[in-house]
Amino acid sequence: MNMAMLQFGMSRVRPGRAGKVPVSIWDLLVWAFQVEKVSIDFDEMGSAAGERPGVSMEYILMKRGDLGCSIDGGGRSDPHPDADLVASAVSCLPEGCGGRRMAVWMAEHARAGQMPDWGMGVVPACEPIAWRQCKHGRYAEREFWHGLDRWPQHLAGKDGGYCCRVIFTGLASEVAARRRVWLEWRLALFELRRTFQIRCDLTGFYVTDEMPPLAPWRERS
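Definitions and limits used
- Residues numbered from 1 in each chain as written.
- Predicted model: local features only at pLDDT ≥ 70, side-chain atom pairs only at ≥ 80, totals over all residues.
- Heavy atoms only, no water.
- Pairing = 2+ DSSP bridges.
- Helix = DSSP H or I, 4+ residues; strand = E, 2+ residues; numbered from the N terminus.
- Expected span 1.5 Å × (residues − 1).
- Buried < 20%, exposed > 50% of the residue type's maximum accessible area, 1.4 Å probe, protein only.
- Arc of directions from axis to C-beta.
- Contact = heavy atoms within 4.5 Å.
- pLDDT = per-residue confidence, 0-100.

1. Some points on the pairing of strand S3 (residues 131-134)
In this sheet, strand S4 (residues 137-140) lies alongside S3 in antiparallel orientation, the contact comprising four bridges. Note on S4: the bridge partner recorded for Gln-133 is Arg-138.

Right, here's the structure in full:
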């Protein structure tokens, strides 16, 4: 698997003019949020009516600007209808797939064109908690420990000795947590793929079965 394809969506995705274009669900999300710049809206009915109970008209005008509506001659062109459908589907993710938290997180990753980090760069390491710089170079910070309660006598000496505190990174628990996040994200992506394949209401695309790998860490082993 090409790792560049794991990290970035295909920026050349375009809706078809004469027939629908095949697209993976991930590339569809990248196109909608990165190219068409749609936003998540958890209250579409209120937004469409321009209503926000309990807020000022300035707030309503500001939100209309976010939606690309014309305000005093400004604004921008509306996004493609397919992009709006993508944003709507993401905002309606069920709680079993992460709900609103996952919707916001998924939109952020699609907007950046990057898939979640499943721990690809996590390497087990043991490092000093602090460093000191002197004319001879860079050294780990040391401190003096009195007594023998913490160190064997041959290491600490009769009256104590110097030691260096360390911190462990890249633990198995950190890798496992990142992999769980990847699987949750992929489950939400699968739900969106299934939604668009069943509904078939996109005008310029049809969603293929292509998905990011279930366990990319196995492909590297």
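On we go from here.
2. Remarks on helix H6 (residues 99-112)
Side chains of residues three or four places apart in an α-helix project in the same direction, reflecting 3.6 residues per turn. With 14 residues, H6 ought to run about 20 Å at 1.5 Å a step, and its terminal C-alpha atoms sit 20 Å apart, in line with that. Those residues of H6 not exposed but buried are Gly-99, Met-102, Ala-103, Met-106, Ala-107, His-109 and Ala-110. Looking down the long axis of H6, one finds its buried residues gathered within 165° of arc, a one-sided arrangement. At its buried positions, H6 is contacted by helix H2 (25-35), helix H5 (81-91) and helix H8 (172-199).

3. Some remarks on the confidence of the model for the protein chain
Low-pLDDT portions of the prediction should not be read for the details of their coordinates. For the protein chain, the mean per-residue pLDDT works out to 77, and 70% of the residues sit at or above 70. For the protein chain, the element scoring lowest by mean pLDDT is helix H1 (residues 3-7), at 39; H2 scores highest, at 96. Low pLDDT, under 50, characterises residues 1-11; the stretch is placed with 21 contacts to residues that sit more than four places away or in other chains. Taken together, the stretch residues 45-61 has pLDDT below 50 and engages in 13 contacts with residues farther than four places along the chain or on a different chain.

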